[in-house]
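Chain by chain, the residues run as shown.
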Amino acid sequence: MTYQAFYTCHSTDDRVNSESPIDLDRNSVVNVAQQILRDPSDFFGLIDTDGKTLQFYYEESGKILMEMPCPERRVSLGRHISITDLGPRCSRFLSGFHRIHWLVCHLPHGEC
């Protein structure tokens, strides 16, 4: 599967705007995310072929906020992960991207 990626890496001043994302295959996603998420305020986002989004934001605390927005419900669900968990978590999320997004966007609040 191919994903569209957009990101901002402040330490390298490398940016890809969400209006003009680049294509990445599944095998490249984790490598690029690990290269981009270096310092606080760095950001990496993915859009799948159905237009579903998964985002990662490096916070000042040193944790990564992994978030899946669901605009149709006006909600965004996320969790904090460590930078060392980025690779395994990202890989796992990509495996179940569609199922997880469906759960986020279709279950009533409080059931996720």
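So, a few notes on the structure that sits alongside this text.

The rules we used
- Residue positions are given per chain, counting from 1 as you read along its sequence in written order.
- Where totals are concerned, whole chains, interfaces and linings use all residues; where local detail is concerned, this predicted model gives features only for residues with pLDDT of at least 70, and gives and counts side-chain atom pairs only at 80 or more.
- As a rule here, side-chain values cover all heavy atoms of the structure and leave hydrogens and water aside.
- Working definition: with a 1.4 Å probe on protein chains only, accessible area under 20% of the residue-type maximum means buried, over 50% means exposed, and in between means partly exposed.
- Strands here mean DSSP runs of E at least two residues long; helices mean DSSP runs of H or I at least four residues long; both are numbered from the N terminus.
- We call two N or O atoms a polar contact when they sit within 3.5 Å, provided that within protein one can donate a hydrogen and the other can accept it, with sequence-adjacent residues counted only if both atoms are side-chain atoms.
- Only buried residues count toward a nonpolar core, which is a set of Ala, Val, Leu, Ile, Met, Phe, Trp, Tyr and Cys residues joined through side-chain atoms within 4.5 Å.
- By definition, residues are in contact when any of their heavy atoms lie within 4.5 Å.
- Note on ring pairs: Phe, Tyr and Trp rings are taken, using the six-membered ring of Trp, and paired if centres are within 6.5 Å. Classes follow the plane angle, with under 30 degrees stacked, over 60 edge-to-face and the rest tilted.
- By the convention used here, strands pair only if DSSP detects at least 2 bridges between them.

1. Comments concerning helix H1 (residues 26–36)
Burial in H1 covers these residues: Val29, Val30, Val32, Ala33 and Ile36. The N-terminus of H1 is capped by Asp25, whose side-chain oxygen sits 3.1 Å from the backbone nitrogen of Asn27.

2. Re the nonpolar core
Generally speaking, nonpolar side chains in soluble globular proteins are found buried as a group. Leu37, Phe44 and Phe56 are the most contacted members of the largest nonpolar core, which has 23 residues in total. Listing elements by their share of this core, those giving two or more residues are strand S1 (2–9), H1, strand S4 (43–47), strand S5 (53–58) and strand S6 (64–70). With five residues, S1 is the single largest residue contributor to this core. Ignoring sequence-local partners within four residues, the contact set of Leu37 consists of Asp42, Phe43, Phe44, Phe56, Tyr58, Ile64, Ile83 and Leu86.

3. Quick word on the packing of aromatic side chains
The full count for this structure, using the stated rule, is three aromatic pairs. Each ring, one from Phe44 and one from Phe56, has its centre 6.4 Å from the other, and the planes form 40°; the classification is tilted. In this pair, Phe44 sits in strand S4 while Phe56 sits in strand S5, placing the two residues 12 residues apart along the sequence. The exposure class of Phe44 is buried, given its relative accessible area of 0%. Look at Phe56 and you get buried, because its relative accessible area is 0%. Three or more aromatic residues joined by ring pairs make a cluster, and in this case those are Tyr7, Phe44 and Phe56.

4. Focus: the side chain of Gln55
You can see Gln55 is positioned in strand S5. Discounting chain neighbours no more than four positions away, the residues touching Gln55 are Phe6, Phe43, Phe44, Gly45, Leu65, Met66, Glu67 and Pro69.

5. Digging into the pairing of S4
Among the five residues that make up S4, four are buried, leaving the element largely enclosed by the rest of the structure. Across five bridges, S1 lies against S4 in antiparallel orientation. Of the residues in S4, the one forming a bridge with Ala5 is Leu46. Across five bridges, the pairing between S4 and S5 is antiparallel. What sits directly across from Phe44, in S5, is Phe56.

Function cannot be read off these values alone, since they describe shape.
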